Amino acid sequence: HSDADPVKRPIQPQEFAAAVEWLLSYDALDRRKTINTCTSSYGWKHVAERELDTYISNGAFICAALYLNYKMRRQDRSSPNAYFNLRKDNRHALR
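Attention here is on the structure that accompanies the text. (Residues numbered from 1 in each chain as written. Predicted model: local features only at pLDDT ≥ 70, side-chain atom pairs only at ≥ 80, totals over all residues. Heavy atoms only, no water.)

**Considering the pattern of salt bridges**
Part 1 of the argument: Counted by the stated rule, this structure contains two salt bridges.
Part 2 of the argument: Between Glu49 and Lys45 there is a salt bridge whose closest N-O contact spans 2.9 Å. You can see Glu49 and its partner Lys45 sitting in helix H2 (residues 41–52), four residues apart, about one turn around the helix.
Part 3 of the argument: Exposure remark for Lys45: the relative accessible area of 2% places this residue in the buried category. (Salt bridge = Lys/Arg side-chain N within 4 Å of Asp/Glu carboxyl O. Helix = DSSP H or I, 4+ residues; strand = E, 2+ residues; numbered from the N terminus. Buried < 20%, exposed > 50% of the residue type's maximum accessible area, 1.4 Å probe, protein only.)

Dropping the structure here:
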């Protein structure tokens, strides 16, 4: 799957729902106050995919985080990735 152009691949409802589920279980009650620039949406979506054993597009992950009112900053103007105020947790292997 390619996450580069969301116009070519619309957000799939099941991917959005999976990302919401993972975000709610991950740190919905204990969010960082500042944006974490150590791991982008692309890295976080892979963590969620491993834990839920399902595919989640980068776009679906970003939409889910925005839906849940996470703070966001784009990685850079040419990138589809974003950073959020997600807390790094030792239970999750970030690569």
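**With respect to the packing of helix H1 (residues 13–27) against H2**
Part 1 of the argument: Look at H1 against H2: their axes get within 10 Å of each other, and the N-to-C directions meet at 95 degrees. When the axes of H1 and H2 are compared, the pair comes out roughly perpendicular. For the pair formed by H1 and H2, the contact residues are Ala18, Glu21, Trp22 and Tyr26 on the first element and Trp44, Val47, Ala48, Glu51 and Leu52 on the second.
Part 2 of the argument: Of the residues contributing to the contact of H1 with H2, the split by class is seven nonpolar, no polar and two charged. (Axes fitted to C-alpha atoms, helices over the stretch in contact; angles between N-to-C directions. Parallel < 35°, antiparallel > 145°, perpendicular 65-115°, else oblique. Contact = heavy atoms within 4.5 Å. Nonpolar A, V, L, I, M, F, W, Y, C, P; charged D, E, K, R; others polar.)

**Some remarks on the packing of aromatic side chains**
Think of a pair of aromatic rings as described by two things: how far the centres are apart, and how the planes are tilted against each other in angle.
Part 1 of the argument: Considering all chains together, one arrives at six aromatic pairs under this definition.
Part 2 of the argument: Look at Phe16 and Tyr67: their rings are 5.4 Å apart centre to centre, the planes differ by 70 degrees, and that puts the pair in the edge-to-face class. Remark: Tyr67 occurs in helix H3 (residues 58–67) and Phe16 occurs in helix H1; sequence separation between them is 51 residues.
Part 3 of the argument: Assessed through its relative accessible area of 26%, Phe16 is described here as partly exposed.
Part 4 of the argument: Taking the relative accessible area as the measure of exposure, Tyr67 reaches 55% and is therefore exposed. (Phe/Tyr/Trp six-rings, centres within 6.5 Å; stacked < 30°, edge-to-face > 60°.)

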